[in-house]
Amino acid sequence: MSDNSKIEAEANKVPALTADERLLHSLGYKQEFKREFTRFEVFGISFSIIGLLPSIASVLFFAVPNGGPVGLVWGWLIASCFILTIGMAMAELASAAPTSGGLYFWTYKYASPETRNLLCWLVGYSNTVGSAAAVASIDWGCAVQVMAAATIGSNDQSFVPTSGQTYAVYLAIIFAHALICSLGTRVLARLQNLYVALNIGLCLALIIALPVLTPKSLKNNASFALGAFTNLDGWPDWFAFMLSWLAPAWTIGGFDSAVHMSEEATNAATAVPWAIVGAVAISSILGTAINVVLAFCAGSDMSSVLNSPIGQPMATIIFGSLGPNGTLALWSVIVTVQFMMGSSMLLASSRQTFAFSRDGALPMSRYLYRINGYTQTPVNTVWFSGSLAALLGLLAFAGPSATNALFSLSVVGSNTAYMIPIGLRFIYSRHTFVHGPFSLGRWSLPVAITSILFMIFINIIFFFPTSPQTTTPSMNYSVVVMSGVTFGSLVWYYFPVYGGVHWFTGPVRTVEGDLSIKGSTVVDVDQIEGEKDKKDTISDEGSS
């Protein structure tokens, strides 16, 4: 066989790269996952993690005492507009470089050579712990909702769960999620369709049912529902209203989950950014409608809503409107959707952990960076992320304020990881940044500045205690936990001999050049095609 024939045969063996694979290879990574997520299913994972109604139920304790109806309606509406700017700024980055590492990869890509390793390290750890804290806060909220259902079903709502009982349910939920997220990519992708349908159906059910079935004695008029201000925690009214923003800041969060699924999505450069923006925009609109309905149907005594024996403000409002049987029926769907929400969050968290271990930054990276041969998914990082969430859940034994730190930590950790690459893109790479299909054009900089200022503000707010009269048990532990994470990652980075400063160099390339991969064989397509063209040219010149 001639050399030309050998080259042609070798080239024909190489499967054609898809646009997604070629883009991923240009970022330095080989294709390791199956791309099973459609555009709608990528949107589905962001939307299901937001999990609108159960999320609002989990954090209603932020809005009810801090503004009441005004906090519910106007606090949500204002904050959600700012959150949309975060989503749009992130969508531009996701479109330009869609990879599972996302935030820390962008940090390294756009930072200065002097700072990129350290910043990449800090963002990676902040995002890894923040995503695990998001799993913890979602699953803890689910456990609390399960216990609220037990209270509603007990005689005279007399059952009061202990922290140990709630933690046991919490562990069972995490275990179930880890089993689900260990399944194959195709199954996990198809589940998102069910999650989206249940989420939207549940929101519409509450929006329709509560106004129809709420007794007149509990219905509020428009002036109260849209204008009454309730301050139960003792902060100045203006600051209490700002605290109500924490509810939408936590609820409409985790949308970076779509980024972490980039390497399993088809048309990732388009699907991921629109999934982020679409999930935030739809959640903002539907969330406003839900909060308006709650404000009209909650009754005028916000203190009784907050301090009901049921122990869950949303369950208390629904109980007043639907009674015990109707509440249990609707509440069971809310708990189911919350459960699905935690499943999706653990899935995204495991992909972030996989990407960070792929680049060697986590302890035991050699064991975490593995794809299961049967499911073709990173099962090890699923159980690692679940175990980290289980450990974070131990904060519950320190009291309600420590439990609230789970919600705060997930937001503060994520916002820190969000704002750094968004800012670096304009500080160091404004003139070299290459847009993907999704671009804000001249609005990019104003949107980025607005989003960063909002995240800084929200992070500061999240460090405040719920009341100005603070004791040791009621302090806000999120500042302690976040400081511990930051300090620990810095110590690990600068640790003598073994620290990351001695060996961490940012994202590790798993391919060189433009490569196509089949099994364990790596073939350089451009080199083969170039040699083929060269042979053809020589052949043509000889024949002439």
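Residues numbered from 1 in each chain as written. Predicted model: local features only at pLDDT ≥ 70, side-chain atom pairs only at ≥ 80, totals over all residues. Heavy atoms only, no water.

Trainee: In this structure, what is going on with the pattern of salt bridges? I would like to understand it.
Mentor: Once the charged atoms of two side chains with opposite charge are near each other, the side chains can pair. Scanning the model with the defined rule gives six salt bridges in all. For R186, the salt bridge is made with E36, and the minimal N-O distance between the two is 3.5 Å. Of this pair, R186 sits in helix 10 (residues 185-213) while E36 is found in the loop between helix 2 (19-26) and helix 3 (39-50), placing the two residues 150 residues apart along the sequence. For E41, the salt bridge is made with R190, and the minimal N-O distance between the two is 2.7 Å. In this pair, E41 sits in helix 3 while R190 sits in helix 10, placing the two residues 149 residues apart along the sequence. When its relative accessible area of 3% is taken as the criterion, E41 is described as buried. The class of R190 is partly exposed, set by a relative accessible area of 32%. By sharing partners, the salt bridges in this structure join E32, E263 and R358 into a single network. (Salt bridge = Lys/Arg side-chain N within 4 Å of Asp/Glu carboxyl O. Helix = DSSP H or I, 4+ residues; strand = E, 2+ residues; numbered from the N terminus. Buried < 20%, exposed > 50% of the residue type's maximum accessible area, 1.4 Å probe, protein only.)

Trainee: Help me understand helix 2 in this model?
Mentor: Side chains three or four residues apart in an α-helix point the same way, a direct result of the helix having 3.6 residues per turn. The set of residues buried in helix 2 consists of D20, L24 and H25. End-on view of helix 2: buried residues confined to an arc of 130°, all on one side of the axis. Directly beyond the C-terminal end of helix 2, a positive phi value near 105° is found at G28. (Arc of directions from axis to C-beta.)

Trainee: Mind showing me how you'd approach the layout of surface pockets here?
Mentor: Over the atoms a probe the size of a water molecule is rolled, and this reveals where empty space is left. Of the pockets and cavities examined, the largest pocket occupies roughly 1100 Å³. F61, V144, G311, P400 and N404 are, among the 47 residues lining the largest pocket, the residues nearest its centre. Elements with a contribution of two residues or more to the lining of the largest pocket: helix 4 (52-58), helix 5 (60-63), helix 8 (116-153), helix 9 (163-181), helix 20 (400-427) and helix 21 (444-462). The biggest single contributor to the lining of the largest pocket is helix 8, with seven residues. A class-by-class count of the residues in the lining of the largest pocket yields 26 nonpolar, 20 polar and one charged. (1 Å grid on protein atoms, 1.4 Å probe; cavity = no way out; pocket = protein on both sides within 12 Å on 5 of 7 lines; lining within 4 Å. Points joined across faces, edges and corners; volume = space filled by probe spheres on them. Nonpolar A, V, L, I, M, F, W, Y, C, P; charged D, E, K, R; others polar.)

Trainee: Can you walk me through empty space enclosed by the protein in this structure?
Mentor: Using the criterion set out here, one finds three cavities of 30 Å³ or more in the structure. Along its surface, the largest cavity is lined by 24 residues, and A249, W250, G253, G254 and V411 are the ones closest to its centre. Contributing elements (two or more residues each) for the lining of the largest cavity: helix 6 (69-96), helix 8, helix 13 (246-251), helix 17 (313-358), helix 20 and helix 21. Top contributing element to the lining of the largest cavity by residue count: helix 20, with five residues.

Trainee: Quick question: what am I supposed to make of the confidence of the model for the protein here?
Mentor: Regions with low pLDDT carry predicted coordinates that are not meant to be interpreted in detail. When the pLDDT values of the protein are averaged, the result is 83; 90% of them are 70 or greater. Confidence drops under a pLDDT of 50 for residues 9-14, and excluding neighbours within four residues, the segment shows nine contacts in the predicted structure. Overall, residues 514-544 carries pLDDT values under 50, and its contacts beyond four positions in sequence, including any with other chains, amount to 43 contacts. (pLDDT = per-residue confidence, 0-100. Contact = heavy atoms within 4.5 Å.)

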